[in-house]
Structures are given as C-alpha cells and as structure tokens.
Amino acid sequence: MTTHVEPASGESAQVLEFHQFPTGLPIGDHWVAAPAAEDIRFPYDGTLVARAPVGDTDLARRAVDAAVAVREQVGRLPSHTRRAALLATHEAIAARRADFERLLVLETGKPLVDCRVEVDRALLTLLTAAEEVARLHGETVPLDLLPSGEGLLGFWTRKPIGVVVGIAGFNYPLLLAAHKVAPSLAAGCPVVVKPAPQTPLATLWLVHLLREALRAAGAPPAAVQLVTGGPEVGVALTTDRRIGAVSFTGSAAVGHRIARDAAPTKVLLELGSNAALVVAADADLDAAADAVVRGGYYASGQACISVQRVIVVDAVREEFMARLAERVAQVVVGDPRDPATRVSALIDKRSTERVRGWLDEAVAAGASLVAGGKVTDGVIEPTVLLDVDRALPVWGEEVFGPVVAVRSVPDLETAFDLVNDSRYGLHASVYTSALDTAFAALDRLEVGGVVVNEVPGFRSDVMPYGGVKDSGAGREGPRFAIEELTVTRMAVIRPTTTPTTKKP
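Here the structure is a predicted model, which means the values were calculated and not measured.

(A) Quick peek at the side chain of Thr-203. Tracing the sequence through the fold places Thr-203 in helix H7 (residues 201-216). Engagement of the side chain of Thr-203 in a polar contact is seen with the backbone oxygen of Pro-173, the distance being 3.2 Å. Contacts of Thr-203, omitting those with residues within four sequence positions, involve Pro-173, Leu-174, Ala-177, Val-193, Pro-195 and Leu-226.

Here you go:
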C-alpha cells in the first residue's frame, strides 16, 4: 500500500510505503477479495490517503466460520507460541513506529503528538499481553472445610471463552484494536476484529503483522482476522451464537444495542463519558488549569476520558478562570502533521457540525464563551464555556470535540454530587492538596477510575480500565481483559486407592 500526502511545509510530496501485502481482507489463513473499496481521506484537508477494502456480511460469516474451525487448535497453543507471536508483533511495529505514527495522523486527523502516544500504548499492550501469558493460571483450594470434602483434591483453571469479536472506535484505531486482539490471543481465543469504517488502515497493518508472526511461530493465521464494513457487518458478527464474547469500544447507544442483540453472549463494553475534573479551594490552580488544557484538548477532544466538565469551588472560581483562559489562548491549532499542533480537525464534517450546533445552543441558552467557539478552516477552536445549562448536551452528553464546560459550586460536597449527576461514569479527577479530600473522592465518585492531581484521561494499560452506568461493563488492560476472556473450570478429584494383592 502506498500513501501520498502533501506535507504541511509545502515541500514536495512524500511517499509513505509499508511492506506490501496482498489486497483484500485477512480472512481464514489467506487474503480474500473484498466486494468493494472506499476512499480513506485525510480529515484535515480531504486529500486521499488510500483505497481501503470493504467487507460484507458474507465475509463476516466466513471469518466466524474460520475462527470456529481453529478454536480448539488456538486454545491448545503452547504458552511459548502465543507469547512469541505477541513479542514478534511488538518488535515489528516498533521497527515501523514512524510509519505507523504518520499513517495514524493521516487516517484519523489526530495531532502527531497524540499518535505517538497511541503507538507507545499499543506497544505496551502487546508487550504486557505477552507477559501475562505466563500468569494465566488457576489455584488449588481446600475442600475439607466440610467433612464431606475430606480426602478430595480441588483446584480450578482458566480456559479460553471461545471466539472473540472485537469492534474498535475511530479515535484510537491501532490502540483499541490492540486492546482486542492482544488479550484474545494471550487467552487462547481466536479473534475477529472490525475497525471503524473511517479508520481501517492501521488496524489492517496490525492484523497483518500479527498473522505473519503467528505463521512464523507455527500457529494458524486464522487466529486473528479482520473484516471491514458498516453496521450490518457488526450485526452479523455480534449476533452469531458461536461467538464466546464481544468486546466493543464506541458510543453508548451502539453498545446498548449490541448487548441486547448479542444476549446471552458475554459482552464487554467500553463506552462514552463526559469526564469531570473538580478543582478544590486548596488546589494548585496552575496545575489544575494546565490539566484542563492538556486533558481537554488532546486528540482534539476525541477521547472518552478527555476533560469535558470542570467543576470549580466558588472560592477560587475567578482566579482559576483567569489562569485557564491564559493557557487556552496558547494552544496551537492547525495541521496535525506539525509536531507543535495540539488541536486539529475532527474525524468528519458531520462531527464538526454537531459540536458547533451544541456550542451555539449553549451560548443561546446563556452560557458565556470564555475562549474559542469558532470554526476556522474546518477546525473547531479550543473552546471554554462558563455557566452552561446542565440540561444541555454540551454538559450532559459526550461532546467528543475540543470543548470544556465550566460550572462553579459552593463546596466539595456539591461538586461530588454534580460529578455523579450524569448517566456516565468512566473517569473523574480531583485537584486538591488535602489527603482527606482525595480519599473522599475515591469513596464518593461513581466512576470506574478516580485520578487525583492528574488528568482524568490518565490511563495506564496495566490497570483495570472501564466504567459504570452508561460508560460500560467489563474491564480492559491486558491482565484484566484476559480474565474477562477466559472462564474458570473447577476440578474436584477423589484419588482412588489401588487395592493391594496379598501374597500367598
């Protein structure tokens, strides 16, 4: 595949070239022709990035057939084989990291600085999953806690849950796909991954490299497959009764529909949010203002745990807002290929129009526009709204754009109540210098993760990641995802005694 792009500096066009692989989609042990193709365009200026293969429901069923056919073989792969394939894929991506970073910029429109972080985290996910293969085990248990258990041996092991369907979002296509395929393979599960239609390219390369690593290790390439396409492909994959688990990252509405349609199949959901950041009266205001800018505008705001709601105690409202306005004015907006850029175009024009509509609605309802609010050359400027009506979507829903909404409250108790007054609950953060406030936040906030004196978007791929309420169910991170993708098998054994034969 060859991608042509006109660099931001205006110099002559450069060519991005990867190791060539066959056209089509990686299904079964080979590549199969796709029935269609579509343009993948650079969100910043609309230029053509590549033509991507588009699958259909027939290919989706064919992929599930192939996954089911190798299910037992993959489940019995030795630990060293699964580990070797993951480590080899880690090395292959690390060797091509600059190419992956550039490709991610082109297909997502995300700033280069964020794409570099994405590659780092994808590499860590592969490495950690490989390490967790050695820790996939059960334990022995005492059965003689009741007299009936005397003489019995009891233990449990973990077994693969079966075929996994992994559906990833557009905003972090390489990382989110790695979150699906790496734990699945580590657990001994064949996996069929479906990338977002807007961003299939980096995921396609990840799957290609992993299949090559599997082949080199003597394992079936069909252990990891990829099907592109629209919602109908997702439905075909997730409603197949032969699937052991579905792992989905995306919107709450789609996630809820998948959970209903896939039942009784196990479904892991990593959904949306409107992450809150609380600024206490004793907070380091410079650090808090920096965090709002850093956490609110990375990936141009297209992250489920980017700062969206800022809740400030009244005593420091004016001082904090002055610091925040000063910092927002320094955010670099423009071409995502420029290493200095922090905010660029959203994934498509429809998203831009939606966010702009929400901003106009908030201002019309009385919110103050502290910074930004304009769309320049198709890019929404970093925006800060003050005193937003809590009933409006820019406060209550997931914006997924470079927008931060601020409200002030009289005290921390009210701040915590306001954080919890949301149908979402993924991450939240609190800026404070008091240890009791930190522990109160850990106790009170109804979210999957509480972060103290750091952005809510801080996410370690070695920690359990996931939300509550409409933000999802289940946990990601290789160790925890592997647990989700395995089932315990109990064993109870009563040893038999060999009868002795008396000598004559």
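(B) Focus on the pattern of salt bridges. A complete count under the given rule lists 30 salt bridges for this structure. Ionic pairing is found between Arg-423 and Asp-470, a salt bridge with its closest N-O pair at 2.6 Å. One end of the pair, Arg-423, is in the loop between helix H14 (412-420) and strand E21 (427-431); the other, Asp-470, is in the loop between strand E22 (449-452) and strand E23 (472-473), and 47 residues separate them in sequence. Classification of Arg-423 as partly exposed rests on a relative accessible area of 36%.

(C) Layout of the UniProt feature "domain: Aldehyde dehydrogenase" (unreviewed entry) in the protein chain. Per the UniProt record, "domain: Aldehyde dehydrogenase" (unreviewed entry) is found at residues 39-489. In the segment residues 39-489, helix accounts for 42% and strand for 20%; the C-alpha atoms at its two ends are 47 Å apart.

(D) Molecular detail of the packing of aromatic side chains. For the structure shown, the criterion picks out two aromatic pairs. An angle of 50° between the planes, with centres 6.0 Å apart, marks the rings of Phe-42 and Tyr-44 as tilted. Ring plane angle 85° and centroid distance 5.8 Å describe the contact between Phe-170 and Phe-400, whose orientation is recorded as edge-to-face. Of this pair, Phe-170 sits in the loop between strand E9 (163-167) and helix H6 (173-187) while Phe-400 sits in the loop between helix H13 (393-396) and strand E20 (403-409), and the two are 230 residues apart along the sequence. Judged by relative accessible area, Phe-400 falls into the buried class, the value being 16%. Of note, Lys-110 hangs over the ring of Tyr-172, and the distance from its end group to the ring centre comes to 3.5 Å. For the cation-ring pair, Arg-354 lies above Trp-358, with the distance from its terminal atom to the ring centre recorded as 4.9 Å.

(E) A look at the environment of Ala-168. Looking at the element boundaries, Ala-168 is found in the loop between E9 and H6. When near neighbours in sequence (up to four residues on either side) are disregarded, Ala-168 contacts Leu-176, Ala-177, Lys-194, Pro-195, Ala-196 and Thr-249.

(F) Quick look at the sheet that holds strand E16 (residues 368-371). Here seven strands make up an open sheet; going across it, the order is E16-E19-E20-E15-E14-E21-E22 and the pairing mixed. Both edges of this open sheet fall to E16 and E22, since each of them pairs with a single strand only. Within this sheet the neighbouring strands show an average axis-to-axis angle of 25°, counted without direction. Note that strand E19 (residues 383-386) and E20 share four bridges and pair parallel. Paired with Val-384 across the bridge in E20 is Val-404. Packed onto the sheet, helix H11 (residues 317-328) meets strand E14 (276-279), strand E15 (309-313), E16, E19 and E20 and runs at close to 160° relative to E19. Against the sheet, helix H12 (residues 349-364) touches E16, E19 and E20, its axis set at about 30° to E19.

Here is what the cut-offs are and how they apply
Think of each chain on its own: its residues are numbered from 1, step by step along the sequence as written. pLDDT decides what is reported in this predicted model: residues at 70 or higher carry local features, side-chain atom pairs at 80 or more are listed and counted, and totals for whole chains, interfaces and linings draw on all residues regardless. To get the side-chain values, take all heavy atoms of the structure and skip hydrogens and water. Elements are defined by DSSP. Helices are runs of H or I of four residues or more, strands are runs of E of two residues or more, and each kind is numbered from the N terminus. Whenever two N or O atoms come within 3.5 Å, that pair is a polar contact, provided that in protein one can donate a hydrogen and the other can accept it, and provided that, for residues adjacent in sequence, both atoms are side-chain atoms. Note on contacts: a residue pair qualifies if any of its non-hydrogen atoms lie within 4.5 Å across the two residues. When a carboxyl oxygen of Asp or Glu is within 4 Å of a side-chain nitrogen of Lys or Arg, the pair counts as a salt bridge. Exposure classes here rest on a 1.4 Å probe applied to the protein chains alone. A residue is buried below 20% of its type maximum, exposed above 50%, and partly exposed in between. UniProt positions are given in the numbering used here, feature names are shortened, and annotations may be inferred rather than shown by experiment. Aromatic pairs are defined between Phe, Tyr and Trp rings, using the six-membered ring for Trp, whenever the two ring centres lie within 6.5 Å; interplanar angles under 30 degrees are classed as stacked, those over 60 as edge-to-face, and all others as tilted. In this analysis the charged atom, NZ for Lys or CZ for Arg, is taken to sit over a ring once it is within 6 Å of the ring centre and within 35 degrees of the ring normal. Strand pairing is defined by DSSP finding a minimum of two bridges between the two strands. To define axes, lines are fitted to C-alpha atoms, for helices over the stretch in contact only, and angles between the resulting N-to-C directions are given on a 0 to 180 degree scale.

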